[in-house]
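Take a look at the letters that make up each chain.
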Amino acid sequence: MALARYLGRKLAWTVVVLFVALLLNFLLPRLIPGNPIDAIVGGLARGGGTGGEDLQRIHEHFMQEFGLDKPLWQQFFIYLGNLAQGDFGTSFGQYPAPVGSLIGDALPWTIAIQLPAIIVGWVVGNILGAVAAFKSGWFDRGAFVGSLFFSSVPPFAFAIILLFVAGVKLGILPVGGAYSFGLTPEWSFTFFGDAITYFWLPFWSLVLVFIGGQAVGMRSMAVYELGTDYVNFNRGLGVKDGFTVRYIFRNAMLPQITGLALSIAALISGGLITELVFSYPGLGTLLFNAIGQNDYPVIQAITLLITVAVLVANFAVDVLTGFIDPRIRAAQSGDR
């Protein structure tokens, strides 16, 4: 019962935050200066062959089609209704392409570099931090300094460094894109072998930063655990180091799990900019182009996906922590 109340409160807060995020997600793109319909009609006018009256009718048609002729509050409720049906609308900048189709093309590329970076970075970083704290000495000092350096560098800045060194100076990896010119994305060994060469630079620019952040956090928690009575008792009994490290790792994991959602949020935001550095055809590149074109539907859809991903990650971590941390269950039941 106590755990159910805890999860209920977390779910209620998640729903409230989601509604606020939807409201901001709707309003903020509309604060960008300029009108996307004016840009579309202006492009037609520059192309020539269209008179003033025709342009006026086209302008009115687009305003009605996209609902921009309605009051803002009415546009918001239409937006919510479309979302409930899974309809993200039609792109302004790439009319008449559906937003869902554009995101469907870009999302796999983003997942391809983000998901492995999150998994590898979290696992390797936590293991490195725990082992470094337990071994101490030169290994700890080297691992700590290296992890602190990598965690302090923004992913996009590290991406520029890797791009210059490995791509420009050494020329061992491609400097941009996701696959060679002339190829078409398909499920084949030929395409996969080509795409993997474009994968490594953006992947390493994310995973090294994530490993550094996780290692620093785990090391701090593991150092605290090393001063506890059970570690000293194990050492006094001559218990093997590997056995003790497993307990240190398990006990120090709770704060790392709690901070995982925040780390995912930071990695996603940094990863989108990393895609721009490498001209990777993911959500970051799509979002950047949409902002330049005042493409409200695309901007709203991508920021909504990011928001939902962060909220789901936070809620999942809260649920997991509620099950594995006895202190939360004790606090909810009133035990001290």
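In this report, the structure presented in the accompanying data block is examined. If you're wondering where the values come from, they're calculated on a predicted model, not measured in any experiment.

A few points about the overall build of the protein chain
So, point 1. The secondary structure content of the protein chain amounts to 14 helices and zero strands.
So, point 2. Helices and strands appear in the protein chain in the N-to-C order α-α-α-α-α-α-α-α-α-α-α-α-α-α.
So, point 3. Burial statistics for the protein chain: of 336 residues in total, 39% are counted as buried.
So, point 4. Put simply, of all contacts in the protein chain between residues at least 6 apart along the chain, 74% involve residues at least 24 apart.

Considerations on the nonpolar core
So, point 1. Ranked by internal contacts, the top residues of the largest apolar core, which has 13 residues, are Val99, Ile103, Leu283, Leu286, Leu287, Val298 and Ile302.
So, point 2. The set of elements that each furnish at least two residues to this core consists of α5 (99-135), α12 (283-292) and α13 (296-324).
So, point 3. Sequence-distant contacts of Leu286, that is, excluding residues within four places in its chain, are made with Gln94, Leu102, Ile103, Ala106, Val298 and Ile302.
So, point 4. If you look at the next biggest cluster of nonpolar residues, it comprises 12 residues, including Trp109, Ala195, Leu206 and Val207.

Observations regarding helix α7 (residues 155-169)
So, point 1. The first and last C-alpha atoms of α7 sit 20 Å apart over 15 residues, in line with the 21 Å expected at 1.5 Å per residue.
So, point 2. Remark: the principal bend of α7, roughly 25°, maps to Leu163.
So, point 3. Of all the positions in α7, only Pro155, Phe158, Ala159, Leu162, Leu163, Ala166 and Gly167 are classed as buried.
So, point 4. Just downstream of α7 lies Gly171, where phi reads positive at about 65°.

Describing the packing of aromatic side chains
So, point 1. Within the structure shown, the criterion is met by 15 aromatic pairs.
So, point 2. The interplanar angle of 80° and the centroid separation of 6.4 Å between the aromatic rings of Phe19 and Phe76 together place this pair among those described as edge-to-face. With a gap of 57 residues between them, Phe19 in helix α1 (residues 2-27) and Phe76 in helix α4 (residues 72-84) connect regions that are remote in the sequence.
So, point 3. Looking at Phe76, the relative accessible area reads 8%, which means it is buried.
So, point 4. When the centroid spacing of 5.0 Å and the interplanar angle of 20° are considered together, the rings of Phe199 and Phe203 count as stacked. Of this pair, Phe199 and Phe203 both sit in helix α8 (residues 189-226), four residues apart, roughly one helical turn.
So, point 5. For Phe199, a relative accessible area of 12% translates into the label buried.
So, point 6. In this structure Phe203 comes out as buried when scored by relative accessible area, which is 6%.
So, point 7. An aromatic cluster is present here, built from Phe19, Phe26, Phe76, Phe77 and Tyr79 joined pairwise through their rings.
So, point 8. Taking NZ or CZ as reference, Arg219 lies 4.4 Å from the ring centre of Phe144, over its face.

Some remarks on α4
So, point 1. A rise of 1.5 Å per residue sets the reference length of α4, with its 13 residues, at 18 Å; its end C-alpha atoms lie 19 Å apart and thus fit the reference within 8%.
So, point 2. Of the residues making up α4, those classed as buried are Gln75, Phe76 and Tyr79. One face of α4 carries all of its buried residues, which in axial projection span an arc of 105°. Exposed positions of α4 whose direction lies more than 90 degrees from the buried face are Trp73, Phe77 and Ala84.
So, point 3. Positive phi appears at Gly86, one or two residues downstream of α4, with a value of about 75°.

Some words on unusual backbone geometry
So, point 1. We note that Ser279 has phi near 50°; this positive angle belongs to a residue other than glycine.
So, point 2. As for its placement among the helices and strands, Ser279 is situated in the loop between α11 (260-277) and α12.
So, point 3. Looking at Ser279, the relative accessible area reads 48%, which means it is partly exposed.

Rules and cut-offs
Residues numbered from 1 in each chain as written. Predicted model: local features only at pLDDT ≥ 70, side-chain atom pairs only at ≥ 80, totals over all residues. Heavy atoms only, no water. Helix = DSSP H or I, 4+ residues; strand = E, 2+ residues; numbered from the N terminus. Buried < 20%, exposed > 50% of the residue type's maximum accessible area, 1.4 Å probe, protein only. Contact = heavy atoms within 4.5 Å. Core = buried A, V, L, I, M, F, W, Y, C linked by side-chain atoms within 4.5 Å. Expected span 1.5 Å × (residues − 1). Bend = angle between axes of the 7 residues up to and from the residue. Phe/Tyr/Trp six-rings, centres within 6.5 Å; stacked < 30°, edge-to-face > 60°. Lys NZ or Arg CZ within 6 Å of the ring centre and 35° of its normal. Arc of directions from axis to C-beta.

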